[in-house]
Amino acid sequence: MKTTGSTFRFRTLAMTAALGGACLGMLAPEASAQESRRRRGGAEAAKPVELTAEHVGLLTKIADERRLNVDDLLAAAKTFMPSGRHDEYVLFSSGGQSGQVFAIGVPSMRLLRSIAVFTPESWQGYGFSGDNDHVAESLKIMGKPVLWGDTHHPALSETGGEYDGEWLFIGDKANARVAVIDLRDWETKQIVKNPLTISDHGAAFVTPDTEYIVEGGQYATVLGYGYAPPEQYKEAYRGMVTLWKFDRVKGRIDEARSFALELPPYWQDLADAGKRASDGFIFINSFNAEMAAGGVERGEPPFEAGASKRDMDYLHIIDWRKAEAAFKAGKAKAINGFPVIMLETSVAEGLLHFAPEPKSPHGVDITPNGQFIIVAGKLDPHVTVYSIDRVKRAIAEKKFSGQDAYGVPILDFDAVKEVQVELGLGPLHTQFDDKGYAYTSLFLDSAVARWTLGGEYESLNSDRPWKLVQKTPVQYNIGHLSAAEGDTVSPDGRYLISMSKWSVDRFLPTGPLLPQNFQLLDISQPGATMPVIYDMPLGVGEPHYCQMIKADKLKTWKVYPEVGWNPHTQRLDPNAPRQGQEGVTRSGDHVLVNMTAVRSHFHPEHVEVNEGDTVTWRITAVETAQDATHGFCIGAYNINLSLEPGEFAEFTFVADKPGTYPFYCTEFCSALHLEMMGYFHVKPKAVSATDADEASGAVVAR
């Protein structure tokens, strides 16, 4: 809305008291000096700036020229991060079809880092380490490279239901894989492939002490990569949920202590692990309880029609501690070599119950106290709130309304339902704050709904419980959303991210393919005040879900602990070359290169081998200064590394292309960066066969 100059000046003067001048300090010389000290790391705290009439006039002139109103200036003040000042939170977002994870600072909404996971990434040297690259090996499925992923749900490790900042897990929907990321160096350490199913969706989610990483399925298949025609859908197709055991000491998934549960062929969707009052349970949405098998090519109803006939689908309620006991008691069956608790066992042992839920749900979320389970159905304008006390009582008293086709008991809907709250069109996913509010994304309304919780949350705000308070429009088609620490037992509130699927007119057009739009909402005030304060284009895939952690919980290394550190083992590597140990040695047709990298040279600078030699190359970055990263590449051999300070790397390849190949540092590391290079000489067989200098054991480095 355009304002007149006098009105704008009046509103601006009123605003400055609230801003305290902090965002405008750059306009005053004394403020500039304070900011300069802060940027240099000075301890002196910034002081409020007294704005003169000249400052206000300059601000008004800039705002008028740029057509900014007071809300714009407030939003800028809330999100601007001066150079050298760090964000309060880090948002870890899935990267969608990029196969990666993105780390974004909040409130600045600056992209801090892309973390390579399921897709080779050349800047980080991820997947470009020769013929025996451990990354390339981990990206193979049934012996064939699968070099992309569709990351959906990152999950931060938890202790007592709180994010602890140690590990991050992410699922790959397209290929049913789960990855482990170490948040000391923000690198992927492990990828496991689910041997039961082709794809998944409910991954990854963690139990409150990260005992297990939960990977829920999605589209039913024949478990174990089997085959059956669609006519045998009900008999042969099945869903699943896998509980991957996490070893916190080793920082790895322990596949030998992991297991799965067979589920009916409904399409399992999102999951959440109970906490506090609901600890010990896992809750999973499902849709297509109709068990529609599609087949428009045969005149059958399409999936979207067949899977939406009923008014209700099934909320899966799993007692994972009982399931763990059944697994340890040997009550699982091996499918494709992986232990699976079969449906009949789950029913007999009381591991699995269903509760009706509004159709086509896409969100199951547990309140911080664990008392309530929130389910949103895309085709129902309500969120349905279930009480864990009611669920436990209904299970104990066998308040069932029947059983499904596979014998799973269905809890009576009215016995487990606490309340339904009407919010709007297309409710999906819910997050929580510290003031007794819940926030639900409304896909069809393109809005975020703020509504009140009941029970012990009623005293935290003045609004009536179980009521819609505010709907803030977002642009456009919001999917998931994330509040600060919003999946924990003690959420912070303050900020919320809307993961808007479309951006349409928000940014400069980038061709027919447009970026996603991450919108930042200020949820720090109660009631109906909940503005959008930042739009962030993200043009590297379609992120689906994210979690936001306090930045000070992350114990990130600035350099590796010791020179010669192996990031894959997270310890000092005995094979790491030291300064003074550089050189090239030969044993038959195998050549070992020991190299060090430091500003501004590699040692050795010339490496000579014969065509057909197997080359093992070891490099230590002997830098110890923060941000003194080097790169190393050999063109035409698909070799590219990122060498952070102190890092050791090793790669092996066959020198099957004769020629002279420059290698160089790919990071602009110093004034003599361009001189940080060398030559890899591969002698053709005709030359090397007559070269007397290539005797076994001879040192050939220069």
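The structure displayed is predicted, hence computed values, not measured ones. (Residues numbered from 1 in each chain as written. Predicted model: local features only at pLDDT ≥ 70, side-chain atom pairs only at ≥ 80, totals over all residues. Heavy atoms only, no water.)

What follows covers the overall build of the protein. Check the secondary structure of the protein and you find twelve helices and 46 strands. Relative to its length of 702 residues, the protein is compact, with a C-alpha radius of gyration of 29 Å against a globular reference of 27 Å. Taking the principal axes of the C-alpha coordinates as reference, the protein spans close to 90 × 80 × 50 Å. Relative to all contacts within the protein whose residues are 6 or more apart in sequence, the contacts with residues 24 or more apart total 62%. Computed over 68 positive and 90 negative side-chain charges, the separation of the two mean positions in the protein equals 3 Å. (Helix = DSSP H or I, 4+ residues; strand = E, 2+ residues; numbered from the N terminus. Rg over C-alpha atoms; globule rule 2.2 N^0.38 Å. Contact = heavy atoms within 4.5 Å. Lys, Arg positive; Asp, Glu negative; His and termini not counted. Charge placed at Lys NZ, Arg CZ, Asp CG, Glu CD.)

Spatially, four strands are ordered β20-β21-β22-β25 in an open sheet, and the strand pairing comes out antiparallel. At either margin of the open sheet sits one strand with a lone partner, and together these are β20 (361–366) and β25 (417–422). The mean angle between the axes of side-by-side strands here comes to 20 degrees, regardless of whether they run parallel or antiparallel. One ladder, built from four bridges, connects β20 with strand β21 (residues 372–377); its direction is antiparallel. Considered in β21, the bridge of Ile366 is made with Ile373. (Pairing = 2+ DSSP bridges. Axes fitted to C-alpha atoms, helices over the stretch in contact; angles between N-to-C directions.)

Let's shift gears to the domain arrangement of the protein. In terms of domain boundaries, the protein breaks down into domain 1 (165–296 + 310–353 + 402–414) and domain 2 (565–695). Centre-to-centre, using C-alpha coordinates, domain 1 lies 44 Å away from domain 2. The interface of domain 1 with domain 2 comprises six residues on the first partner and four residues on the second. For the pair domain 1 and domain 2, the summed buried area comes to about 360 Å², and 25% of that belongs to carbon and sulfur atoms. Counting the surface domain 1 buries against domain 2, the share from its top three residues, Glu187, Lys189 and Arg252, is 66%. Taken together, domain 1 and domain 2 are joined by zero salt bridges. Split into classes, the residues belonging to the side of domain 1 that touches domain 2 amount to no nonpolar, no polar and six charged. (Domains from an automatic or database assignment. Buried area = accessible area lost by both parts, 1.4 Å probe. Salt bridge = Lys/Arg side-chain N within 4 Å of Asp/Glu carboxyl O. Nonpolar A, V, L, I, M, F, W, Y, C, P; charged D, E, K, R; others polar.)

Let us look at the pattern of salt bridges. Taken as a whole and assessed by the stated rule, the structure comprises 33 salt bridges. The shortest N-O distance in the salt bridge between Arg110 and Asp87 comes to 3.5 Å. On the criterion of sequence distance, the pair formed by Arg110 in the loop between β2 (101–106) and β3 (111–115) and Asp87 in the loop between α4 (70–79) and β1 (89–94) is long-range, its members being 23 residues apart. The class of Asp87 is buried, set by a relative accessible area of 10%. Here Glu262 makes a salt bridge to Arg238, at a shortest N to O gap of 3.1 Å. Within this pair, whereas Glu262 is found in strand β13 (residues 252–263), its partner Arg238 is found in the loop between α6 (233–236) and β12 (239–247), the two being separated by 24 residues in sequence. No difference in accessibility class separates Glu262 from Arg238, as the two residues are buried. (Buried < 20%, exposed > 50% of the residue type's maximum accessible area, 1.4 Å probe, protein only.)

Under the defined criterion, the tally for this structure stands at 36 aromatic pairs. For the ring pair Phe602 and Phe663, a centre distance of 5.8 Å and an interplane angle of 75 degrees mean the geometry is edge-to-face. One end of the pair, Phe602, is in strand β39 (residues 601–603); the other, Phe663, is in strand β45 (residues 659–664), and 61 residues separate them in sequence. For Phe602, a relative accessible area of 1% gives the class buried. Cluster of aromatic residues (ring-pair linked, three or more members): Phe602, Trp617, Phe632, Tyr637, Phe651, Phe653, Tyr661, Phe663 and Phe680. (Phe/Tyr/Trp six-rings, centres within 6.5 Å; stacked < 30°, edge-to-face > 60°.)

Let's shift gears to unusual backbone geometry. Here the bond from Gln475 into Tyr476 is cis, since omega is -15 degrees, no more than 30 degrees from zero. Its location among the elements puts Tyr476 in the loop between β29 (468–473) and β30 (478–484). Cis rather than trans, the peptide bond between Arg599 and Ser600 has omega equal to 5 degrees. Topologically, Ser600 is positioned in the loop between β38 (590–598) and β39. Unlike most non-glycine residues, Ala176 shows phi in positive territory, near 50 degrees. Among the residues examined, Ala176 registers a relative accessible area of 0% and is labelled buried. One non-glycine residue, Ser360, lies in positive phi territory at about 55 degrees. Within the secondary structure layout, Ser360 lies in the loop between β19 (352–358) and β20.

Counting buried positions along β19 yields seven of seven residues, so the element is predominantly enclosed. Residues Leu352, Phe354, Pro356 and Pro358 of β19 are buried on one face, and the alternating residues His353, Ala355 and Glu357, pointing to the opposite face, are buried as well. Of the strand pairs in this sheet, strand β16 (residues 312–319) and β19 are connected by seven bridges, and their pairing is antiparallel. Paired with Leu315 across the two strands is Ala355, which belongs to β19.

Right, let's talk about α4 for a bit. Because the α-helix completes a turn every 3.6 residues, residues three or four places apart line up on one side. For α4, the full list of buried residues reads Val70, Leu73, Ala75 and Thr79. Where α4 begins, the capping side chain belongs to Asn69, and its oxygen is found 3.0 Å from the backbone nitrogen of Asp71. (Polar contact = N/O pair within 3.5 Å; in protein donor to acceptor, adjacent residues only side chain to side chain.)

Most of strand β32 (residues 516–522) sits out of view: seven of its seven residues are buried. Taking every second residue as pointing to the same face, both faces of β32 are buried, with Gln516, Phe518, Leu520 and Asp522 on one and Asn517, Gln519 and Leu521 on the other. In this sheet, β32 lies alongside strand β31 (residues 493–500) in antiparallel orientation, the contact comprising six bridges. By the bridge assignment, Leu496 is partnered in β32 with Leu521. Of the pairings in the sheet, the one linking β32 to strand β33 (residues 532–538) comprises six bridges and is antiparallel in character. Pairing of Gln519 across the sheet is with Asp535, part of β33.

So, about the side chain of Thr221. Here Thr221 shows up in the loop between β11 (212–216) and α6. The contacts of Thr221, once residues within four sequence positions are left out, are Leu196, Thr197, Ile198, Ala236, Tyr237 and Arg238.

Strand order in this open sheet of five strands is β40-β46-β45-β42-β43, and the pairing throughout is mixed. Each edge of the sheet is formed by a strand with only one pairing partner; in this case those strands are β40 (606–610) and β43 (639–643). In this sheet, neighbouring strand axes are inclined to one another by 15 degrees on average, regardless of whether the strands run parallel or antiparallel. Relative to strand β46 (residues 677–683), β40 is paired through five bridges, and the arrangement is parallel. By the bridge assignment, Val607 is partnered in β46 with Phe680.

Under the definition given, this model contains zero disulfides. For the unlinked cysteine Cys665, the closest cysteine sulfur is that of Cys669, found at 3.9 Å. Taking the relative accessible area as the measure of exposure, Cys665 reaches 1% and is therefore buried. (Disulfide = S-S within 2.5 Å.)

For Lys378, the location among the structural elements is in the loop between β21 and β22 (382–387). Each C-alpha atom of the pair Lys378 and Pro361 lies 5.6 Å from the other, and the pair is 17 residues apart in sequence.

On to a nonpolar patch on the surface. A surface patch of nonpolar side chains, amounting to about 290 Å² of accessible area, comprises Leu425, Phe443 and Leu444. In this structure Leu444 comes out as exposed when scored by relative accessible area, which is 56%. (Patch = residues over 30% accessible without salt bridge, like charges linked within 9 Å, V, L, I, M, F, W, Y side chains within 5 Å. Areas by Shrake-Rupley, 256 points an atom, 1.4 Å probe, with all protein chains shown as cover.)

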